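Okay, here's what each chain looks like letter by letter:
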Amino acid sequence: MPIQINKGVIGKEYAPYVVTVERGKIKEFARAIGDLNPFYMDDGVGQASEWGDVIAPPTFATTFRDEAASEALLRDLGTDVSRLLHGEQEFELVRPIQPGQTYLCRTKVLDVYEKTGKSGAMAFVVRETTITDRGNEIVGTMRHITVVRL
Amino acid sequence: MKYARVYVEDVKVGDELPPLVKGPLQQIQLTRYAGASGDFNPIHQDAEFAKAAGMGGVFAHGMLSMGFVAQAVTDWAGAGRVRKIGVRFAALVRLNDTVTCRGRVVGTSQKDGVSLVELDIWAENQKGEKVVTGKATVDLASRLA
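These figures come from a predicted structure and were not determined experimentally. (Residues numbered from 1 in each chain as written. Chains lettered and ligands numbered in written order. Predicted model: local features only at pLDDT ≥ 70, side-chain atom pairs only at ≥ 80, totals over all residues.)

Trainee: Just checking my understanding: could you explain the environment of L84 of chain A for this structure?
Mentor: Relative to the assigned elements, L84 of chain A resides in strand β2 (residues 84-93). For L84 of chain A, a count of 18 C-beta atoms within 10 Å translates into the label partly exposed. Look past the residues within four positions of L84 of chain A in its chain and what remains in contact with it is T146, V147 and V148 of chain A together with N41 of chain B. (Helix = DSSP H or I, 4+ residues; strand = E, 2+ residues; numbered from the N terminus. Buried ≥ 20, exposed ≤ 12 C-beta atoms within 10 Å, placed from the backbone. Contact = placed C-beta atoms within 7 Å.)

Next up, the structure:
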C-alpha cells in the first residue's frame, strides 16, 4: 500500500540534544568499520598528537542520535523504518570529534520532495544537524538525505 | 606505506589513492556496526524483516560503506585531515559482497593559509558496480610550513 508523506515537517526543528563522547565508543566505532588507525585507537599516539588525545573517524558523528527525535520524525512523516533507505550523507568538520567533549546537536528538516524512479515513488527527506561545543562554536555539520519508499 | 604523511607538494591532480578492499561482508560486521553506531534498523539484521519490507534480504548500513570510503581517505591523507566528506548511496551492499574503495585527486586550492585537496571518492562491489559515489576535501600540511 502506497503511503502519503507529510510535507508539513519542512522547516521543523527537533529538540536539541546533548552528547558526551566516550573514549570507548570511538574505539568501538573504529573497530566496527575495521579501521584501526592509531590516532583513533592508541591513547599514547593521541596524547602525542596535535589534538592532545585520540580523535574520532570522520563519520563518527552518525552516532549522535536521539531516539525520541528519530521516532518523532517518523511519526511526523507518517512512515516507519521498514520503508527507509539512506540516500546521501555529508559531514563538514571544523575539527575532529574527541573523547570527553560534550556537544549540542540541533536538527532541522530542510526539505521533503518526491520523485519517481526505477523502483517506484520515493520521498526524499533532507535534514541538517549542527554540532556545537560548550563554547557554542560550530564543530561540524551533518546533512542527511533519507529516502522513504512510498 | 600505511599511515604515511602526505604533504601537499607531493600531490597532483589525477593521483589515485591506494584502493582499500573490505569484505567479503559478514552479518557479524553489520551487527557490530549497529551496536557501534546506534542504527538498529532490523532491515540490516533480520532477513525475514528485510524480505517482508520488499528488500529481498538484509543489506549493509550505508554508513558502514561510507566509513570504509572515509578510511580509504584517511589511510592516505592521515587521520583528522578530512574537512568535508559527502556521498550518495548508489546501490545496496549485500552479505558476502567485497567493497573496494577508491579515490582520485581532482583539485587543489589554498584557503586561509591551508592547503586543501579535493577528491572524487567511490566504492565498487566485486562486479565493478558503484555502490557509493562522492567527494571529499582534506587539508594537507605543507613541507614549507
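Trainee: Explanation requested: unusual backbone geometry in the structure shown.
Mentor: Excluding glycine, residues mostly carry a negative phi; peptide bonds, for their part, are mostly trans. Note the cis peptide between G23 of chain B and P24 of chain B, where omega equals 0 degrees. Within the secondary structure, P24 of chain B sits in the loop between β1 (20-22) and α1 (27-37). The phi torsion at N136 of chain A lies on the positive side, around 65 degrees, for a residue other than glycine. With respect to the helices and strands, N136 of chain A occurs in the loop between β4 (120-132) and β5 (138-149). In this model, N96 of chain B sits at a positive phi of 75 degrees, which is unusual for a non-glycine residue. Mapping N96 of chain B onto the fold places it in the loop between β2 (82-89) and β3 (99-111).

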